[in-house]
Amino acid sequence: MNTSLEYRLYDRTSSYKPLFHYEEIDLHQVLARRECDFYVKEGTVYKQTSSAIEGDWHVIYVEKHEEGEKEKEEFNLNNTLKLEMRRFNERENYPLLQTLEFEHHIDILSRIGSVYHYINGQEWEKDSAEIDEDRRVYVLYLMETGYKMEGINT
């Protein structure tokens, strides 16, 4: 099922200015994007403030969080959806823990919508999620809980 999505700047003084819109976008992708706390587009990081449904349109309201340079898109031979799982540690530049690839956005949604994750038996708790359109990847930021479970790898 396809729908439409618009990102709007959450600013009461500018009548919630439309930033980006997507027509004929898959509903599962809209739901995965709505689960993301951050949205990266053209070097700017936006933070989600809220979301709404207005008729046939899904709307995600965002505010500018930080501006930077556009990062280079990562080359993806498999044409799959990528999810990076990273340690939430700004001083270490968010080290990569694991990269997963999926065929469908519902699979991305099932991961970023979960609070706890296991990587090599270690439990991690979700801090936040983002969609980085510049690099064409979803990112899940995780914090180590200290709990270790034997026999669970992912």
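Residues numbered from 1 in each chain as written. Predicted model: local features only at pLDDT ≥ 70, side-chain atom pairs only at ≥ 80, totals over all residues. Heavy atoms only, no water.

This brings us to the overall build of the chain. Along the backbone of the chain there are two helices and 10 strands. Going residue by residue from the N terminus, the α and β elements of the chain occur as β-β-α-β-β-β-β-β-α-β-β-β. Relative to its length of 154 residues, the chain is compact, with a C-alpha radius of gyration of 16 Å against a globular reference of 15 Å. Its C-alpha atoms give the chain principal-axis dimensions of roughly 50 × 35 × 30 Å. When burial is assessed residue by residue, the chain has 42% of its 154 residues classed as buried. (Helix = DSSP H or I, 4+ residues; strand = E, 2+ residues; numbered from the N terminus. Rg over C-alpha atoms; globule rule 2.2 N^0.38 Å. Buried < 20%, exposed > 50% of the residue type's maximum accessible area, 1.4 Å probe, protein only.)

A few words on helix α1 (residues 27–34). Those residues of α1 lying buried are Gln29, Val30, Ala32 and Arg33. Projected down its long axis, α1 carries its buried residues within an arc of 165 degrees, all on one side. The N-cap residue of α1 is Asp26: its side-chain oxygen and the backbone nitrogen of His28 are 3.0 Å apart. (Arc of directions from axis to C-beta. Polar contact = N/O pair within 3.5 Å; in protein donor to acceptor, adjacent residues only side chain to side chain.)

Of note, the phi angle at Glu24 is positive, near 55 degrees, even though the residue is not glycine. Within the fold, Glu24 resides in strand β2 (residues 18–26). Its identity is not glycine, yet Glu42 carries a phi of approximately 55 degrees, on the positive side. Relative to the assigned elements, Glu42 resides in the loop between β3 (38–41) and β4 (44–54).

Turning next to the packing of aromatic side chains. Scanning all chains against the criterion turns up 11 aromatic pairs. Relative to Tyr61, the ring of Tyr16 lies with its centre 5.5 Å away and its plane at 75 degrees, an arrangement referred to as edge-to-face. Placement of Tyr16 in the loop between β1 (2–9) and β2 and of Tyr61 in strand β5 (residues 57–67) is noted, with a sequence separation of 45 residues between them. Feature note: the residues Tyr7, Phe20, Tyr22, Tyr39 and Tyr46 constitute an aromatic cluster, connected by ring pairs. Taking the ring centre of Tyr22 as reference, the NZ or CZ of Arg33 above it sits at 4.7 Å. One Lys or Arg, Lys41, reaches over the ring of Phe20 and ends 5.2 Å from the middle of that ring. (Phe/Tyr/Trp six-rings, centres within 6.5 Å; stacked < 30°, edge-to-face > 60°. Lys NZ or Arg CZ within 6 Å of the ring centre and 35° of its normal.)

Right, let's talk about the side chain of Arg86 for a bit. Position of Arg86 among the secondary structure elements: in strand β6 (residues 81–87). Ignoring sequence-local partners within four residues, the contact set of Arg86 consists of Asn93, Tyr94, Pro95, Leu96, Leu97, Arg135, Val139, Leu140, Tyr141 and Leu142. (Contact = heavy atoms within 4.5 Å.)

Relative to β5, β1 runs parallel, the two sharing six bridges. Bridging across to β5, Leu9 finds its partner in Val62. In this sheet, β5 lies alongside β4 in antiparallel orientation, the contact comprising 10 bridges. In the sheet register, Gln48 faces β5, and the bridge partner there is Val62. Linking two consecutive strands that pair antiparallel, namely β4 and β5, is a turn of two residues; a positive phi of about 65 degrees is found at Gly55 within it. (Pairing = 2+ DSSP bridges.)

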